[in-house]
Amino acid sequence: MSVLDPLTCRGTAALLTGLLMAAAAQVHAQAPATPPPGSPAIALPGQPTPPPEAAPQASAEAGRQIAAKGSAQGAAACISCHGERGEGGASFPRLAGTGAAYLRAQLDAFADGSRANPIMQPIAKALNAQERASLALYYSRLPAPAAVQPARADASPDDTGAWLAARGRWSDGLPACAQCHGPGGQGVGEHFPPLAGQPAAYIVEQLKAWRGNARPPGPLKLMVAVAAKLSDADIAAVANHYAGLGQQSSSVPAVAAPAVPAATAHNGGKP
Ligand code: HEC
Ligand code: HEC
C-alpha cells in the first residue's frame, strides 16, 4: 500500500524531504518541539536530547558505566567492540552521535529477536529496558567523529556509489540516499542514522538484511523499499562510497578490507 509511494513518486519524496528539513529547521531554531503524535521530538546529533518518550528514567551516566564496564547481568562492555568513544571500527558500527530513539529501537529489536545478530542479541537481552534507554541516550550525546568529507556535488554516473548517494535512480523510483541520510551521510535527527564512515561490510549486511527480512522494517518500511531496488553491485558500490566518506577523520579506523565479502570487495569508486 502507500508505504512504497514515497519511493515511486517524486512529489511525495520531495514532500518527505520538506518535512525533514522543516523538522531540522525547527531544531536549529530551538523552537519548542511539537512532535507529531506518537513520535519523539526530532533532534540533531550532538545536541542535548531529552530522554525518549516512555523512558523517563534513562540516565546518560548509567549508560556510560555500562558502556565502559558492562552490566551486572552480564552484558559485555560496549567499548570493547564499538570503541572508547562509540566511534566503531573494523566491522563494528559507530554509535556516537546517532539519534537516541534510533539506537533504542535497535537495542529493543536485538532484545526481542526481530533484528537478527548472534553477537548483539544476547547482549541486548541481558539489558533491561531502562538500561537500553540509558545506553541509547549516552551514545546519542557522544560527539560524532570529526568532519567527514563533504558530499561530492559533481558525482559522475560512472561512480555508482556516489551517484546513488547523491542522485538516486529516478527511473527506478529510488530517491537519493542523501535525501534521508543528509548530504554527507551524516544522519538527520532522531530517526535517520548516519552512514558516513560506517564499515562497508556492515552497510552491506544491513541492506541485505532488509532484503531478507532479517531486520525490522523501521519507520514507514522506507529501507525495505530502498533495499529492494538495489542490486548486489549497487549495494557494494554505495557501501564503499559511504565507508570512504569517513576516512578523512583520523579517529575513524579504516575499513578492514578482509571483512568485506569477496563479491563486494572490488572498489566502488573510493579514491
Ligand atoms: C562483541 C562485540 C560487541 C559488543 C561487546 C557490543 N556490540 Fe553492539 N554491535 C556489534 C556488532 C557486530 C554489531 C552489528 C550487528 C549487525 O550487523 O546487525 C553491533 C550493532 C550494534 C547496534 C546497532 C547500530 C546501528 O547503527 O544500527 C547498537 C545500537 C549496538 N550495537 C549497541 C551496543 C551496546 C549498547 C553495547 C554494550 C551494552 C554493545 N553494542 C556491545 C558488536 C558488539
Ligand atoms: C526515504 C528515506 C530513506 C532513503 C531514501 C534512504 N534511507 Fe536508509 N534509512 C532510512 C531510515 C528511516 C533508516 C532507519 C531504519 C530503522 O530504524 O531501522 C535507514 C537506515 C539505513 C541503514 C542502517 C544504518 C545502521 O546504522 O544500521 C543503512 C545502511 C541505510 N539506511 C542505507 C541507505 C542507502 C545506501 C540509501 C540509498 C541507496 C538509503 N539508505 C536511502 C531512510 C532512508
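Not measured: the values here are computed from a predicted model. (Residues numbered from 1 in each chain as written. Chains lettered and ligands numbered in written order. Predicted model: local features only at pLDDT ≥ 70, side-chain atom pairs only at ≥ 80, totals over all residues. Heavy atoms only, no water.)

### Regarding the nonpolar core
Worth spelling out the cut-off: As used in this record, nonpolar core signifies buried Ala, Val, Leu, Ile, Met, Phe, Trp, Tyr and Cys residues forming a set joined through side-chain atoms within 4.5 Å. Note on classification: 1.4 Å probe, protein chains only; a residue is buried when its accessible area is under 20% of the maximum for its type, exposed when over 50%, partly exposed between these limits. Put simply, DSSP H or I for four residues or longer makes a helix, DSSP E for two residues or longer makes a strand, and each gets a number counted from the N terminus. Whether two residues are in contact is decided by their heavy atoms, any of which lying within 4.5 Å being enough.
If you look at the biggest cluster of nonpolar residues, it comprises 25 residues, and the most contacted ones within it are Ala 67, Leu 103, Leu 135, Tyr 138 and Tyr 139. Contributing elements (two or more residues each) for this core: helix H3 (60–69), helix H5 (100–111), helix H6 (120–125) and helix H7 (129–141). Looking at which element gives the most residues to this core, the answer is H7, with six residues. Setting aside anything within four residues of it in sequence, one finds Leu 135 in contact with Gly 63, Ile 66, Ala 67, Cys 78, Leu 107 and Leu 127. One finds Ala 165, Val 204, Met 223 and Val 226 within the second-largest nonpolar core, a separate group that totals 20 residues.

### Concerning the pattern of salt bridges
Applicable threshold: What counts as a salt bridge is simple: a side-chain nitrogen of Lys or Arg found within 4 Å of a carboxyl oxygen of Asp or Glu.
As enumerated under the stated definition, the model contains five salt bridges in all. For the salt bridge of Asp 108 with Arg 132, the shortest nitrogen-to-oxygen distance reads 2.8 Å. Taken together, the residues Asp 108 in helix H5 and Arg 132 in helix H7 connect sequence positions 24 residues apart. On the basis of relative accessible area, Asp 108 is assigned to the partly exposed category, the value being 26%. Note that Asp 172 is salt-bridged to Arg 169, the shortest N-O span being 3.6 Å.

### Quick word on the site of ligand 1
Put simply, the rule is: Whether a residue is near a molecule or strand depends on its heavy atoms: if one lies within 4 Å, it is near. N or O atoms closer than or at 3.5 Å make up a polar contact, with two conditions inside protein: a donor-capable atom paired with an acceptor-capable one, and, for residues adjacent in sequence, both atoms drawn from side chains. Each residue is assigned to one class: nonpolar for Ala, Val, Leu, Ile, Met, Phe, Trp, Tyr, Cys and Pro, charged for Asp, Glu, Lys and Arg, and polar for all the others, Gly among them. Domain start and stop positions are those given by an automatic or database domain assignment.
Surveying the vicinity of ligand 1 reveals 24 residues, the closest of which are Cys 78, Cys 81, His 82, Tyr 102 and Met 120. Here an oxygen atom of ligand 1 and a side-chain polar atom of Tyr 102 are 2.7 Å apart. In the model, an oxygen atom of ligand 1 is placed 2.8 Å from a nitrogen or oxygen of the Arg 115 side chain. Put simply, the parts of the chain that give the shell around ligand 1 at least two residues each are helix H4 (79–82), H5, H6 and helix H10 (200–211). At five residues, H5 tops the list of elements feeding residues into the shell around ligand 1. Taken together, the residues of the shell around ligand 1 break down into 17 nonpolar, five polar and two charged. Domain assignment of the residues forming the shell around ligand 1 places at least three in each of domain 1 (60–141) and domain 2 (160–264).

### What about the confidence of the model for the protein?
Any residue range with low pLDDT should be treated as having predicted coordinates unsuitable for detailed reading. Condition: pLDDT expresses how confident the predictor is about each individual residue, on a scale running from 0 to 100.
Within the protein, residue pLDDT values average 78, and 68% of them lie at 70 or more. Overall, residues 17–51 carries pLDDT values under 50, and its contacts beyond four positions in sequence, including any with other chains, amount to 38 contacts.

### A few points about the site of ligand 2
Not every one of the 25 residues close to ligand 2 is listed here, only the nearest: Cys 177, Cys 180, His 181, Tyr 202 and Met 223. Between ligand 2 and the protein, one listed contact pairs an oxygen atom with a side-chain N or O atom of Tyr 202 at 2.6 Å. Split into classes, the residues belonging to the shell around ligand 2 amount to 18 nonpolar, six polar and one charged.

### Examining the packing of H5 against H7
Our working rule: Only the stretch in contact is used when a helix axis is fitted, and all axes are lines through C-alpha atoms; the angle between N-to-C directions ranges over 0 to 180 degrees. If you view the pair so one helix is near and one far, a crossing is left-handed when the near helix is turned anticlockwise from the far one by less than a right angle, and right-handed when it is turned clockwise.
Closest axis-to-axis distance for the H5/H7 pair is 8 Å, and the angle between their directions is 145 degrees. Of the two elements, H5 crosses H7, and the hand of that crossing is right-handed. Taking contact as the criterion, the partners of Ala 100, Leu 103, Arg 104, Leu 107, Asp 108 and Ala 111 in H5 are, on H7, Arg 132, Ala 133, Leu 135, Ala 136, Leu 137, Tyr 139 and Ser 140. Here the residues of the contact of H5 with H7 sort into nine nonpolar, one polar and three charged.

### Some thoughts on the environment of Gln 198
Examined against the element boundaries, Gln 198 turns out to sit in the loop between helix H9 (177–181) and H10. When the C-alpha positions of Gln 198 and Gly 246 are compared, they lie 7.3 Å apart, and in sequence the two are 48 residues distant. With near-sequence residues (within four places) excluded, Gln 198 lies in contact with Pro 93, Arg 94, Ile 203, Tyr 242 and Ala 243.

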